[in-house]
Amino acid sequence: LMQNSVRQLRDHGNTVILVEHHKEMIKIADNIVDMGPGPGALGGEIMFQGSYEDLLKSDTNTGKMLQEDSPLKASPRRPSGVFHIDNATLHNLKGISVDIPLGVFGVVAGVAGSGKSSLMECFRNEMSKNEEVVYISQKNIGVSLRSTPATYMDVAPDIRKIFARKHKMKEEYFTFNGKGACPVCGGKGVIVSEMAFMDNIETVCEACGGLRYSPEALKYTIKSDVTGEELNIAQVMELSVRLASAFFQGTMIQEKLRPMMDVGLGYLHLNQALSTLSGGELQRLKLASYLGEKGKVFVIDEPTDGLHIKDVRHILGVFDKMVDHGNTVWLIEHNIDVIKSADCVIELGPGAGENGGEITFCCTPAELAQCKDSMTAQYM
């Protein structure tokens, strides 16, 4: 449907520019611009521009990944148990009953509006009566101007301790929430001007240049035993997660940052305001904070939305590790590569809204691919 809509817009004399990762949408494009080669500071270059056919012949990450056809999961895991949902009627669900496998990597599939989120909401509500269910969506995770990856992953206190020990000072002198804060902006890095009947206006603090720290705090440095770099507190906090992991190699800081590397967020800066992150980035950051957990049930809403094909393959490995560590992972997903990689697929449908709300299939990806009546199977 989306492909047809985009084509119709173009055929009516419009110019349509999409920021897109979906294979089928890339395939119908008349002209493709491939950015890279990596994310964040490792990107920002045009790697390719041209037709889909030429992109397939190119040596870019996108071109290579588009040529690969992900296989169906050969050996799905056996469930460690099931959780029974009986007569679910939430929203458009039509009194459905289903056994949801536990101890597996599962996907709830179906057309938009078929009842996927409603089924998982019923599952969460019923399951949480007995044990915790971790629900991770792309909605805001409660960030503020002061929230950063360093504070969220709890490495900021460790960094302050290193500075404090070396220079025999109190830790509060190396925090923009304490005595180390810029006296003008109060450690926010920006000046917020309140407008009575309009949105607030934010401007970079001229006193600290957005660094958040006072001139006194910036006088002191630490040196990495690995990279040999000597940096002050603002320069350390400006490091990307990837570079910070190298700077603090062999320390607890590296271990705390490892989950962010695992979910593909190594390009974020330690001091980057979480309010600048996309919904997908916030979702993966929240996921990173749970990677050490065992024996939990996770329900994750469209975690591949906005991800490059290469990143999708990477995060699938993360989900498999989570299940191998004794967790249950259920995704609400449309991505065919993800569906192929699941242990179990529950498909809702057959249509959307009043035409949906029924369990059409509950089986392995290989079994679903053979179902002629499945809406999902024809794309597998």
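Note: the structure precedes this text.
All of the points below concern the structure found in this document. Just so you know, these numbers come straight off a predicted model, no measurement behind them.

Calculation notes
- Residues numbered from 1 in each chain as written.
- Predicted model: local features only at pLDDT ≥ 70, side-chain atom pairs only at ≥ 80, totals over all residues.
- Heavy atoms only, no water.
- Pairing = 2+ DSSP bridges.
- Helix = DSSP H or I, 4+ residues; strand = E, 2+ residues; numbered from the N terminus.
- Axes fitted to C-alpha atoms, helices over the stretch in contact; angles between N-to-C directions.
- Expected span 1.5 Å × (residues − 1).
- Buried < 20%, exposed > 50% of the residue type's maximum accessible area, 1.4 Å probe, protein only.
- Patch = residues over 30% accessible without salt bridge, like charges linked within 9 Å, V, L, I, M, F, W, Y side chains within 5 Å.
- Areas by Shrake-Rupley, 256 points an atom, 1.4 Å probe, with all protein chains shown as cover.
- Salt bridge = Lys/Arg side-chain N within 4 Å of Asp/Glu carboxyl O.
- Polar contact = N/O pair within 3.5 Å; in protein donor to acceptor, adjacent residues only side chain to side chain.
- Contact = heavy atoms within 4.5 Å.

## Let's talk about the sheet that holds strand 11 (residues 297–301)
And step 1. Here six strands make up an open sheet; going across it, the order is 6-11-12-5-13-14 and the pairing mixed. The open sheet is flanked by strand 6 (133–136) and strand 14 (358–363), the only strands paired with a single partner. Within this sheet the neighbouring strands show an average axis-to-axis angle of 15°, counted without direction.
And step 2. When strand 6 meets strand 11, the two strands line up parallel, connected through four bridges. Bridging from a neighbouring strand, Val134 pairs with Phe298 of strand 11.

## Remarks on helix 7 (residues 156–167)
And step 1. Compared with an ideal rise of 1.5 Å per residue, which puts 12 residues at 16 Å, helix 7 spans 17 Å between its outermost C-alpha atoms and is within 8% of the ideal.
And step 2. Buried within helix 7 are the following residues: Ala156, Asp158, Ile159, Arg160, Phe163 and Ala164.
And step 3. Positive backbone phi, approximately 50°, marks Lys168, located one or two places after helix 7.

## Focus: a nonpolar patch on the surface
And step 1. On the surface, a cluster of nonpolar side chains totalling about 480 Å² of accessible area is made up of Met195, Phe197, Met198 and Ile201.
And step 2. Inspection of the secondary structure puts Met195 in the loop between strand 7 (190–193) and strand 8 (201–204).

## Thoughts on the side chain of Lys296
And step 1. With respect to the secondary-structure elements, Lys296 resides in the loop between helix 11 (279–288) and strand 11.
And step 2. For Lys296, a relative accessible area of 18% translates into the label buried.
And step 3. A distance of 2.9 Å separates the side chain of Lys296 from the side chain of Glu132, its partner in a polar contact.
And step 4. Setting aside residues up to four positions removed in sequence, Lys296 forms contacts with Glu132, Val134, Gly326, Asn327 and Thr328.

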